[in-house]
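Here is how the chains run, residue by residue.
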Amino acid sequence: MTKPENWHVLGAGAMGCLWAARLLEQGHSCRLLVRQRAQTPKSHQTCTLSLESAGKISRFTLAVSSSSCVQETPINKLLLSCKAGEVISALDSVQHSISPQTRIVLLQNGIKMQRQLRQQDRHNQFFCLATSHGAWLRAPFHVVHAGVGKAWLGQLPRIADTATDIQQRTTRLLQSLPASTMQLGFAADIEQQLWLKFAINCAINALTVIHDCQNGELLSAAHQPTLSALCAETETILAGCGHSIGARPLLDATREVLQATAANYSSSLQDARRGRALELAHFNGYLCELADGFGLTCEHNRSLLRTVETRLQQIRNGA
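One structure accompanies this document, and this report is about it. If you're wondering where the values come from, they're calculated on a predicted model, not measured in any experiment.

### Here we look at the packing of aromatic side chains
Applying the stated criterion across every chain, the model contains three aromatic pairs. Ring centres 5.6 Å apart and planes at 85° place the aromatic pair W195 and F198 in the edge-to-face group. Of this pair, W195 and F198 both sit in helix α5 (residues 190-211), three residues apart, roughly one helical turn. Ring centres of F198 and Y286 lie 6.0 Å apart, and the angle between their planes is 75°; on these two criteria the pair is classed as edge-to-face. One end of the pair, F198, is in helix α5; the other, Y286, is in helix α9 (residues 284-293), with 88 residues separating them in the sequence. Connected via pairs of aromatic rings, a cluster forms that spans W195, F198 and Y286.

The structure is reproduced here in structure tokens:
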């Protein structure tokens, strides 16, 4: 057991609850910061966080407070688990409690936001966590770890950072995370892992919304032509834009994730069922933006987005 650390997790969605539970399971202290008024009272409180995994349920006592509450002490380690489009406002909501020494771990889908943060003049230490684990909420603060995958941690490099600096900082941070339980390792090139996760999201998320299905159902023969076409187009576009996702074929990597998270519901499908905004603008939508910038075709992904919009309209109409 490593030395207990103090963590704050901002975001009470499936991934935020999963990582909070795994941190508590490891013996670390953890406070969950929430931004929605309905999720927390005016003052600090505790709640029961339930983790459902491998056929058993573990329960933890979790401290919960509003992200806007003034912290008695600065936040040293922050895991940011909100939607990609909410990252900037989420960071602003805890600006009073973070400092240049705060280690901020970004757990967002996509890569557009991470690239934007690198272009901003922020003096924080940003690390990115790319994961293929699957999780969904059975109820508020009751998370199901539905697919055991892998995870990679790396630092977004700053101008003065050397490879040695990045490795040393990331290795120290790994020691305060549930690395063994979550199969979490160091990524020297975290951007490649983020691009790969982005590409897999482009292949999986929208399709699960259209077919209203768990990830594993996309492995059926009926879905293979669409899945293959999406993966081929995505690989071509990313290669044309100069972004590497590794030597392994995207279709093989996507099928591996589908198998590992077969019982999981994608984040986009969970959002669609709850009537929330989807992140597809950060997946297939951003891929289309990249394609346009390089004069590349992106018809399969554009068609997918149109079909998703039709499906969402059907959901809104009760179909």
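Having seen it, we continue.
### Things to note about the environment of R59
Topologically, R59 is positioned in strand β4 (residues 56-66). In this structure, the C-alpha to C-alpha distance between R59 and C47, residues twelve residues apart in sequence, is 10.0 Å. Ignoring anything within four residues of it in the chain, the contact list for R59 reads T48, L49 and S50.

### Examining unusual backbone geometry
Although it is not a glycine, A54 adopts a positive phi angle of roughly 55°. Along the chain, A54 turns up in the loop between β3 (45-53) and β4. Backbone geometry places D212, a non-glycine residue, at a positive phi of 50°. With respect to the helices and strands, D212 occurs in the loop between α5 and α6 (224-240). On the accessibility criterion, D212 (36% relative accessible area) is partly exposed.

Definitions and cut-offs
Residues numbered from 1 in each chain as written. Predicted model: local features only at pLDDT ≥ 70, side-chain atom pairs only at ≥ 80, totals over all residues. Heavy atoms only, no water. Phe/Tyr/Trp six-rings, centres within 6.5 Å; stacked < 30°, edge-to-face > 60°. Helix = DSSP H or I, 4+ residues; strand = E, 2+ residues; numbered from the N terminus. Contact = heavy atoms within 4.5 Å. Buried < 20%, exposed > 50% of the residue type's maximum accessible area, 1.4 Å probe, protein only.

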